[in-house]
Amino acid sequence: MMSERIKIYDTTLRDGTQGEGFQLSVDEKVQVARLLDELGVAYIEGGWPGSNPRDAAFFEASRGLDFRTARLAAFGSTRRADKSCDDDPSIQALLAAEVPILTIFGKSWKMHATEVLRVTAEENLELVFDTVRYLKARADQVIFDAEHFFDGAADDEAYSMAVLDAAARAGADFLVLCDTNGGSLPHVVGELTARAVARTGIAVGIHAHNDSELAVANSLEAVRAGATMVQGTINGYGERCGNANLVSIIAGLEIKHDRRCLPDGGLKRLTHVSRMVDELANNVPLARQAYVGRSAFAHKGGVHVNAVLKSASTYEHITPETIGNERRILVSDLSGRSNIIAKAQQFGVDIDPDDPVTRAVLDKIKQLEHEGYQFEGAEASLELLMEEARGQRPSWFEVLLASVTTREVGRDGLEAAEARVKVAIGDEILAAIESGNGPVNALAAALETVLVRTYPMLHQVRLVDYKVRILDSASGTAARVRVLIQASDGQSTWGTVGVSTNVVEASWRALVDAFEHRLLKAGVPGRV
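Right, let's walk through the structure included here. (Residues numbered from 1 in each chain as written. Predicted model: local features only at pLDDT ≥ 70, side-chain atom pairs only at ≥ 80, totals over all residues. Heavy atoms only, no water.)

## Comments concerning the overall build of the protein chain
In step 1: Scanning the protein chain from N- to C-terminus turns up 16 helices and 16 strands.
In step 2: Within the protein chain, the fraction of its 528 residues that count as buried is 51%.
In step 3: Carbon and sulfur atoms make up 47% of the accessible area of the protein chain, which totals about 23500 Å². (Helix = DSSP H or I, 4+ residues; strand = E, 2+ residues; numbered from the N terminus. Buried < 20%, exposed > 50% of the residue type's maximum accessible area, 1.4 Å probe, protein only. Areas by Shrake-Rupley, 256 points an atom, 1.4 Å probe, with all protein chains shown as cover.)

Here's what the structure looks like:
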């Protein structure tokens, strides 16, 4: 059993889309399906074709897809008590999906059968048996999800096991134990899974929800107890607190338990797939997500960084490249010399660890962070600061004047901004006046107009993100603010920061750094 590959059953396209704030169009579902196939999951549950037009449309669109590793599954429920399978629209919608795998759920908690379905316990067993047998005669595989299995077993284990027996006798290929309410504990999941495996002789799976923050632990424990299929979603999307996070489960199985569940090379795609699913759903990736988060291998404390640079395993439980992530060294007021040296090496800046300049840079960073600067999302400003401390930061232009005014336009009270900028480049004085839909937009346009006359490459620089954070809200309108800007030239993206009690001034400082960093990376010599 321990050598058997664990089958990953992804339900992001069905159970995941039931989560708040997670929505996918048909085209986006197709893109996610392709990502999952490239990752190497065994099954992709495309949706519930009998419940909504979007899922039915996805199955139509998926008929032209040529999956390399995954098999497509459609999801539904056991037949209604007052209808035969031939007459039940939901059952017929499953068949109309024309997929090789059919997954149905049935009640395994006696209370649900009698109180929700309003049938007797014996009638519920008949629904399970009839539906599985009917679908098994018409599909390559039938997977039976025993809904509320663990809660049902806590109430009447003999009945919950009888439901599994009914599905097994009808020909189910997998019996999936569902922690539908997400309240079970790992030791309970392990014990019941082991008993289910020993009882039926049919392959057993686990489907956990995360209402107690234990879905990943419960899934791993079920595998340890003999389950050979794990159901879940990418990034743990799903109803209420979400489903079991397949990203963490896959990494945990392959790295921690030495249980294969992806083809060769699949594990290294894990971070990419995780972030792409977030991107397609228009959600910000969780930075602190285990394994694949941007902060998962980010080191900030000086003692930590010093140790990691000597031996990564001192503060990393795995090598980040294993799952397609990367190590990041952060610089802040908690930093030591090791942080500065590591970041300098990353930037290609040569800093001697024994040089007083290194200490000067560190002291400057600590002081600026005390004032409200933050370099974790503004590494371009940090690099410029390092060059300045070494006395090697070029000066490409000198700002002589920068002002902005706003005025109300039209009955709707829309504001238009006008910026005036005057800079010196060498012996030449250049000026520009530009309008924009806000002060920062106008300043950026005016500065670009002036600079591109001498530095044409700056015409490609665009602001792609802009964030303002109030640092000391108790000061009211006199509070300092921190502005973080993300700029891009279409090839790369970089972040800069500015701090001031004036939001326009803070924006201006970050804006100037954004243009200067582009010139620095291009190797443009200074002119001032």
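## Quick notes on the sheet that holds strand β5 (residues 141-147)
Strand pairs in the sheet, formed through backbone hydrogen bonds, run parallel or antiparallel to each other.
In step 1: Read around the closed barrel, eight strands run β1-β2-β3-β4-β5-β6-β7-β8, paired in parallel fashion. Between one strand and the next, the sheet's axes are offset by a mean angle of 25 degrees, whatever the strand orientation.
In step 2: With six bridges joining them, strand β6 (residues 174-179) and strand β7 (residues 203-208) adopt parallel strand pairing. The partner of F174 across the bridge, within β7, is A203. (Pairing = 2+ DSSP bridges. Axes fitted to C-alpha atoms, helices over the stretch in contact; angles between N-to-C directions.)

## Concerning helix α9 (residues 246-256)
In step 1: The element α9 is extensively covered by neighbouring structure, given that nine of its 11 residues are classed as buried.
In step 2: For α9, the complete set of buried residues consists of L246, V247, S248, I249, I250, A251, G252, L253 and E254.
In step 3: Buried positions along α9 lie against β1 (7-10), α1 (26-39), α8 (215-224), β8 (229-232) and α10 (270-280).
In step 4: A distance of 2.9 Å separates the backbone nitrogen of V247 from a side-chain oxygen at the start of α9, and that oxygen is part of N245.
In step 5: Backbone geometry just after α9 places D258 at a positive phi near 55 degrees. (Contact = heavy atoms within 4.5 Å. Polar contact = N/O pair within 3.5 Å; in protein donor to acceptor, adjacent residues only side chain to side chain.)

## Points about α10
In step 1: Taken residue by residue, α10 has L270, T271, V273, S274, V277, D278 and L280 as its buried positions.
In step 2: Packed against the buried residues of α10 are α1 and α9.
In step 3: The first or second residue beyond α10 is N282, which carries a positive phi of 60 degrees.

## Some thoughts on the environment of D86
In step 1: The topology assignment puts D86 in the loop between β3 (71-77) and α3 (89-96).
In step 2: Taking the C-alpha atoms as reference, D86 lies 8.9 Å from Y134; in sequence the two are 48 residues apart.
In step 3: Polar contacts involving the side chain of D86 include one to the side chain of Y134, which spans 2.6 Å.

## Section: the nonpolar core
In step 1: By size, the foremost hydrophobic cluster in this structure holds 86 residues, and its most contacted members are I44, V132, F144, V230, I250, L253 and L270.
In step 2: Considering each element in turn, this core owes the most residues, 11 residues, to helix α6 (residues 149-170).
In step 3: Here F144 is in contact with I104, F105, G106, V128, V132, V163, A167, A172, F174, L175 and V176, once residues within four sequence places are set aside. (Core = buried A, V, L, I, M, F, W, Y, C linked by side-chain atoms within 4.5 Å.)

## Quick look at the layout of surface pockets
In step 1: There is about 400 Å³ of room inside the second largest pocket.
In step 2: Taken together, 21 residues form the lining of the second largest pocket, with N210, N235, N245, L286 and Q289 sitting closest to its centre.
In step 3: Looking at the lining of the second largest pocket element by element, the count peaks at three residues for α8.
In step 4: Looking at the lining of the second largest pocket, its residues break down into 10 nonpolar, eight polar and three charged. (1 Å grid on protein atoms, 1.4 Å probe; cavity = no way out; pocket = protein on both sides within 12 Å on 5 of 7 lines; lining within 4 Å. Points joined across faces, edges and corners; volume = space filled by probe spheres on them. Nonpolar A, V, L, I, M, F, W, Y, C, P; charged D, E, K, R; others polar.)

## Focus on the packing of aromatic side chains
In step 1: Applying the stated criterion across every chain, the model contains seven aromatic pairs.
In step 2: Each ring, one from F22 and one from Y237, has its centre 4.1 Å from the other, and the planes form 25 degrees; the classification is stacked. With a gap of 215 residues between them, F22 in the loop between β1 and α1 and Y237 in the loop between β8 and α9 connect regions that are remote in the sequence. Just as F22 is buried, Y237 falls in that class too.
In step 3: The ring of F58 is capped by K29, whose NZ or CZ atom sits 5.1 Å from the centre of that ring. (Phe/Tyr/Trp six-rings, centres within 6.5 Å; stacked < 30°, edge-to-face > 60°. Lys NZ or Arg CZ within 6 Å of the ring centre and 35° of its normal.)

## Some points on the side chain of T11
In step 1: In this structure, T11 sits in the loop between β1 and α1.
In step 2: Residue classification places T11 among the buried residues on the basis of a relative accessible area of 0%.
In step 3: Aside from chain neighbours lying at most four places away, what touches T11 is G16, E45, H207, G232, T233 and N243.

## Looking at the pattern of salt bridges
In step 1: Using the criterion set out here, one finds 25 salt bridges in the structure.
In step 2: A salt bridge links K107 to E147; the shortest N-O distance between them is 2.8 Å. Taken together, the residues K107 in strand β4 (residues 101-107) and E147 in strand β5 connect sequence positions 40 residues apart. For the pair formed by K107 and E147, the shared burial category is buried.
In step 3: One connected set of salt bridges, linked through shared partners, spans R14, D15 and E45. (Salt bridge = Lys/Arg side-chain N within 4 Å of Asp/Glu carboxyl O.)

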